[in-house]
Amino acid sequence: MDITIERLERLAMLRLGGDERNALAKDIAKILDFFRQLDEVELENVEPLFHVIEKGATVREDMTRPGISREWVEGSAYRVVDGYIVGPRTIVGEERESHQ
Amino acid sequence: MRSVNLINRPIHEVLEYIRGSPELLIEYLYRLYERIERYEKILRGFITIRPSEEVIREAVEANREGKALAGIPIAVKDNISTAGLRTTCGSAILKDYIPPYDATVVERLKRAGSVVIGKTNMDEFAMGSTTETSFFGPSRNPWDLSRVPGGSSGGSAVAVSAYLSPASLGSDTGGSVRNPAAYTATFGYKPTYGVLSRYGLIAYASSLDQIGLITRDSVDAALLLEYIVGEDPMDPTSLDLKVSGFYRIALNMGEKTDFPNASLIAIKEMWEGVEGDIYKVVMSAIDKLVSSGFSYDEVSVPEIRYALPAYYVLAFAEASSNLARYGIPIYGLKEDPMNLPWDEYYSKVRSMGFGREVKRRIMLGSYILSAGYYEQYYLKALKVRRVLRDKLLPFLRRGYIVSPTMPVKPPRLGEAIEDPIKLYAMDIETVVPNLIGSPAISVVAGFTGSLPVGLQIIGPPMGDKDLILIGRAAEIIIGYYNMSPQI
Amino acid sequence: MKLKAVIGLEIHIQVNRAKSKMFCGCPANYRDAPPNTNICPVCLGLPGSLPVPNKEVIRKAVMLSLALGSRLNNHVVFVRKHYFYPDLPKGYQISQHRGPGMAPIAVGGSLEIEGDLGAKIVRIRRIGVEEDPARITYPYGDPVKSPYSLIDYNRSGVPLIEVVTEPDLSSGKEARSFVEKLLTLVDHLGICDPDLEGAFRVDVNISINGGERVEIKNIGSIRDIEKAINYEVIRQSALLMGGGVVKRETRHWDPIKGVTIVSRHKEFEEEYRYFPDPDLPATPLSKEMIEEIRISMPELPWHRAERYVKSYGLSQYTAKVLVSRKVLSEFFEETIKIYSDASKVADLLINDFLGIVNSRGRSFNIVKARPQHIAKLLTMLDRGIISIKIAKMILERVVINGEDPEEIVMREGLIVISDEAELEALAERVIRENPKAVEDAKKNPKAINYLVGQVMKLTRGKADPQKISYIIRKKLGISANSSLQ
């Protein structure tokens, strides 16, 4: 198996504990085998069906409509300063920097 | 003032009484809340129940204003946005999330005079078939309290079957409305993809999700449908289905009606792996239909065997994408972001907030979409989807595909969720219509012991009306509808 | 060492002329809104929200593709580009990409520029439509020093059109020319007002002598594009000449220090997990639709410039400056409907008029003047009612306040003094009051200018300088043929 739990964690932005990781490793192998059944089907000349809606996405006119108030954001976010939502630092974590 | 026991009656009967009679409405609602008081502790169908004073007040107002649904309450699965009312998706990561907006379907129901009574329990982010992955704990099947009610819309089915609410909204991505309907002897309906607006439905797998209905019988589904269908400019995948007048037809169908000479088609491969007891009950239901004039045919579509892996590849991939937004410090589970680098912040919150099944699906889904594997899994699954649709549409043009809704009896609590493949295999019948965008219903086929068994009927895309009418015919002929368990 | 720089650009153009955002009905123009007041469930990425594409932005993207000669795809396909970052509320950006089942709105095409060695064709790789992320600012101005970030979602979801070039550019100057020409084009097509803050951002990819590629991200002004590239060329050559190796990396341009610095932000490892957005099934782009868009396309700036040269005899340069802003060229066309001397109008517009606008932040929103004002001003000049000096003096008020020049002149008595008697009197007074200057003038005829200047001062510019000069010279007995001025 050429994927590592670490790589999956990074892709999914998760960090698992030791037990979780072991359980997951077992499950993943089984599930991938289950997926590989798809290799048995003859699909050489078949086009993928990306969507059952053939007419395409409906589009909209370039018009404005009312949105939501900042009050909701202020009541919902962890902290708001002068109207700005406070978020974490945007520099990558030191621990993570060592990966690849 | 006469007192009528409206509990256990479908909405179309309740409406006869409560229209223009707010006193009867109030009595009805009190009885509902009494039942909730009595049974909820055991059944745990709800995550949030609105205070009775609020609900009664709103219902009476709708009733006095002469609105069409006259204050009828409805339970809403907790992955459907309700403004000002907590919407958790059965997850810790949204346990305190209060949306600022209503889903379009909820808005339309409110406008028609219905009132949301509460939010129902579900598998976390709709990922599951038994409602056991809910952060808030599992629900119990009113027909057998040691067993699951199905999932992921388990709470919605519990509410309707135990009559804590006359109807529920659920969601269906791979069977999540039909599965619990089958396990609780209620009527479950998944529309053609696009017929009900997804705006406000918290996404699991965008190309497969639809809001669905769980009701006491098919007539109620027809009735509610009139108020909630219609193209929605807020949903780029919504379609326009016209349904005016068809509720009347469903309502007026009776024992004496000449039923349409419909063809029932069974696809052999969909019946592989069905337990003996279930098979017997479903076949005997089909026999009844055949005796009433339906024709029955068996065909073989070997590609059906790949429906399940194709479905899961697509569902996992889309889920990993749809859940990438959680962790943002605007809503949901939050921490103090001060001094934390963003990647540490996100992984911490997400890891704390998501349960094991969700984590598993997100990780695998990300893998499926990653460079080098996109062709290997995702594109292949999309090709299988085309093959299935091309093979099945011709059948759906001349008849209805029938199968057991579920291949096994409702598992006992704790039994199913240990082995992922065993869990996924429960969906073998129900994923097919989601993959090809077709509508599907589950009606009560009968019972094995005291456990309900469902018959699934699949119709052609945009054929929802006729499908529900066939469902009504089936209900009448088979004879099981508006069933009530002894709790 | 001979240095050959190979440069490609990724230009993100904000469709700030759209009324609403790309996928929701929030206003596209967020500039005056307090933070987090221009939001809705869609652009905040709230659970359950869905994107609905802005039809007009798609039209404009098609228009741009046609103008650049690009090949349009037969469907509009949106993809999800995944990365985790506080400015991306959904954890993915809805964008376009090339891959199985995915294609940008157009590929190919080109734009010709004046290169370093003559005319040069710069090829376009692709054109795509996408949404802008939110804006992040820092409490202490610097991501490294700040213990947290401040996020404003007003900009989240604003429509962007991305134009990516092949690495056909060879210098900062060429890159600048390209971007300038592209901005003029999107201005004329009604896509973007390039002078609004944040209207465009450019990422530069540069490699020297076949070495590793360095990316300089998020350059926000035309001048900075040229400066950043020039700096980077010097930095890389210095590194190479010292025997070093250029690393493949991402850098940012610091406009204050005038250097590029290595980015400390996480590079997303290109693991974007692109796939077609399952909320947005591919929308067909029919030939009829494209034809309809082609027919309704506004006049392209270079065609307009050619037309000016042919129809009005303007110089290439003048025409080019006039079309550099669509609103300026429209103002020109409206004015010459009323006042027919195109050269004079053009001259005033590209020099004094444009000078006033540029000195006040370059946005034409501040212009209150109307074409008839300019026409009146020029007419008064022609008739000798006012002098050039007066005209220049009142132009700013006309432009900024929209005051009618005729009214100003009437009200403030700015009409040129041409009455002989009055001029004689003025000349005599100045001669009387400035004996030293008179002595100088008799020796050096050029010193007459000082005396003329004194009259101009006395009359606040209203005297006709030619006539005054003549009168003074006559009075002092200096020949009119002596070299003056």
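Residues numbered from 1 in each chain as written. Chains lettered and ligands numbered in written order. Predicted model: local features only at pLDDT ≥ 70, side-chain atom pairs only at ≥ 80, totals over all residues.

Some words on the overall build of chain A
No. 1: A count of helices and strands for chain A gives four helices and two strands.
No. 2: The order of α-helices and β-strands along chain A, N terminus first, is α-α-α-β-β-α.
No. 3: Of all 100 residues assigned to chain A, the portion counted as buried reaches 34%. (Helix = DSSP H or I, 4+ residues; strand = E, 2+ residues; numbered from the N terminus. Buried ≥ 20, exposed ≤ 12 C-beta atoms within 10 Å, placed from the backbone.)

Things to note about the overall build of chain B
No. 1: Along chain B, the regular secondary structure elements total 16 helices and 11 strands.
No. 2: Here the C-alpha radius of gyration of chain B, 21 Å, is about what a compact globule of 487 residues would show, namely 23 Å.
No. 3: In terms of overall dimensions, chain B has C-alpha extents of about 70 × 55 × 45 Å along its principal axes.
No. 4: For chain B, the proportion of its 487 residues judged to be buried stands at 64%.
No. 5: Across chain B, the fraction of contacts at a sequence separation of at least 24, relative to all contacts at a separation of at least 6, is 76%. (Rg over C-alpha atoms; globule rule 2.2 N^0.38 Å. Contact = placed C-beta atoms within 7 Å.)

Focus: the interface of chain A and chain B
No. 1: Across the boundary between the two partners, chain A contributes 47 residues, which contact 55 residues of chain B.
No. 2: Going through the elements one at a time, α1 (5-12), α2 (18-35), α3 (70-76) and β2 (84-87) of chain A are the ones with two or more residues in the side of chain A that touches chain B.
No. 3: Here the side of chain A that touches chain B is built from residues that sort into 32 nonpolar, seven polar and eight charged. (Nonpolar A, V, L, I, M, F, W, Y, C, P; charged D, E, K, R; others polar.)

A closer look at the packing of helix α9 (residues 371-382) of chain C against helix α10 (residues 388-401) of chain C
Residues and elements named next belong to chain C.
No. 1: Close contact between α9 and α10 brings their axes to 10 Å; oriented N to C, the two are set at 170°. Judged by the inter-axis angle, α9 sits roughly antiparallel to α10. Judged by residue contacts, H373, L377 and L381 of α9 engage I388, A391, L395 and V398 from α10.
No. 2: Of the residues contributing to the contact of α9 with α10, the split by class is six nonpolar, one polar and no charged. (Axes fitted to C-alpha atoms, helices over the stretch in contact; angles between N-to-C directions. Parallel < 35°, antiparallel > 145°, perpendicular 65-115°, else oblique.)

A closer look at the environment of L32 of chain B
All names here are of chain B.
No. 1: Examined against the element boundaries, L32 turns out to sit in helix α2 (residues 22-43).
No. 2: Sequence spacing of L32 and V349 is 317 residues, and the spatial spacing of their C-alpha atoms is 38 Å.
No. 3: The contact partners of L32, leaving out residues within four places of it in the chain, are P73, L164 and S165.

So, the interface of chain C and chain A
No. 1: On the chain A side, the residues contacting the 44 residues of chain C number 31 residues.
No. 2: Every element with two or more residues in the side of chain C that touches chain A is listed here: α1 (55-67), β10 (149-152) and β17 (283-284) of chain C.
No. 3: The leading source of residues in the side of chain C that touches chain A is β10 of chain C, at four residues.
No. 4: Residues of the side of chain C that touches chain A, tallied by class, amount to 26 nonpolar, 11 polar and seven charged.
No. 5: Examined bridge by bridge, β2 of chain A and β10 of chain C share three bridges and lie antiparallel to one another. (Pairing = 2+ DSSP bridges.)

Structural notes on the pairing of strand β10 (residues 440-448) of chain B
For a regular strand, the rule is simple: side chains alternate between the two faces of the sheet.
Residues and elements named next belong to chain B.
No. 1: Within β10, seven of the nine residues are buried, which leaves the element mostly enclosed by the surrounding structure.
No. 2: By the bridge criterion, three bridges tie strand β5 (residues 187-190) to β10 in an arrangement that is antiparallel. Paired with Y189 across the two strands is I441, which belongs to β10.

As for helix α10 (residues 307-322) of chain B
No. 1: Along its 16 residues, α10 of chain B runs 22 Å from first to last C-alpha, staying within 8% of the 22 Å computed at 1.5 Å per residue.
No. 2: Burial analysis of α10 of chain B places 16 of its 16 residues in the buried class, which makes it a mostly covered element. (Expected span 1.5 Å × (residues − 1).)

Some details on the sheet that holds strand β4 (residues 79-82) of chain C
Residues and elements named next belong to chain C.
No. 1: Taken in spatial order, the three strands of this open sheet run β5-β4-β16, and their pairing is antiparallel. Both edges of this open sheet fall to β5 (92-95) and β16 (275-276), since each of them pairs with a single strand only.
No. 2: As paired strands, β4 and β16 are joined by two bridges and run antiparallel to one another. Bridging across to β16, R80 finds its partner in F275.

Overview of the confidence of the model for chain B
No. 1: For chain B, mean pLDDT is 95; residues scoring 70 or higher make up 99% of the total.
No. 2: Interface confidence for the predicted complex, expressed as ipTM, amounts to 0.96; the pTM equals 0.92. (pLDDT = per-residue confidence, 0-100.)

A few points about the nonpolar core
No. 1: A307, V313, Y378 and I457 of chain B together with I13, I161 and V204 of chain C are the most contacted members of the largest nonpolar core, which has 272 residues in total.
No. 2: Of all the elements, α10 of chain B adds the most residues to this core, at 11 residues.
No. 3: Setting aside chain neighbours within four positions, we find I457 of chain B in contact with Y400, V402, A440, I441, V443, L467, I470, G471 and A474 of chain B.
No. 4: Among the nonpolar cores identified, the runner-up in size contains 32 residues, and A305, L348, L349 and I390 of chain C belong to it. (Core = buried A, V, L, I, M, F, W, Y, C linked by C-beta atoms within 7 Å.)

A short note on the confidence of the model for chain A
Residues and elements named next belong to chain A.
No. 1: Residues of chain A with pLDDT of at least 70 account for 89%, and the chain-wide mean is 86.
No. 2: Helix α4 (residues 94-97) is the least confidently modelled element of chain A, averaging 38 in pLDDT, while β2 averages 95, the highest of any element.
No. 3: This stretch, residues 94-100, has a pLDDT under 50; its non-local contacts, to residues over four places away or in other chains, come to three contacts.

Concerning the sheet that holds strand β9 (residues 400-404) of chain B
Residues and elements named next belong to chain B.
No. 1: One open sheet accounts for 11 strands, arranged β1-β3-β2-β4-β6-β5-β10-β11-β9-β7-β8; its pairing is mixed. Looking at strand neighbours, the two that pair on one side only are β1 (46-49) and β8 (295-299), the edges of this open sheet. Sheet twist, expressed as the average angle between the axes of neighbouring strands with direction ignored, equals 30°.
No. 2: Examined bridge by bridge, strand β7 (residues 263-267) and β9 share three bridges and lie parallel to one another. When the bridges of β9 are listed, A266 appears paired with V402.

What about α9 of chain C?
Residue and element names in this part refer to chain C.
No. 1: With 12 residues, α9 should cover 16 Å at 1.5 Å per step; its first-to-last C-alpha distance of 17 Å lies within 8% of that length.
No. 2: Three or more residues of α9 are buried, namely H373, I374, A375, L377, L378 and M380.
No. 3: Residues of α9 that are buried in the fold lie against α7 (326-338), α8 (342-359), α10 and α11 (405-412).
No. 4: At the C-terminal side of α9, G384 shows a positive phi close to 70°.

Topic: unusual backbone geometry
No. 1: The omega torsion across G151 of chain B and S152 of chain B is 10°, close enough to zero to call that bond cis.
No. 2: The topology assignment puts S152 of chain B in the loop between β3 (115-120) and α5 (154-161).

Here we look at the packing of helix α1 (residues 11-18) of chain B against α2 of chain B
All names here are of chain B.
No. 1: Viewed as axis vectors pointing N to C, α1 and α2 meet at an angle of 135°, and their least axial separation amounts to 8 Å. With respect to α2, the axis of α1 lies oblique. Residues V14, Y17 and I18 of α1 lie in contact with α2, whose contacting residues are L24, L25 and Y28.
No. 2: When its residues are assigned to classes, the contact of α1 with α2 shows six nonpolar, no polar and no charged.

Section: the pairing of β10 of chain C
Residue and element names in this part refer to chain C.
No. 1: Side chains of β10 alternate between two faces, with S149 and I151 and L150 and D152 buried alike.
No. 2: Both strand β9 (residues 135-137) and β10 contribute to a ladder of three bridges, which runs antiparallel. The residue of β10 that forms the bridge with T137 is L150.

Digging into the environment of L379 of chain B
No. 1: Topologically, L379 of chain B is positioned in helix α13 (residues 374-398).
No. 2: A C-alpha to C-alpha distance of 21 Å links L379 of chain B and I428 of chain B, two positions 49 residues apart in sequence.
No. 3: Those residues in contact with L379 of chain B, other than ones at most four positions away along the chain, are P48 of chain A, Y374 of chain B together with P100 of chain C.

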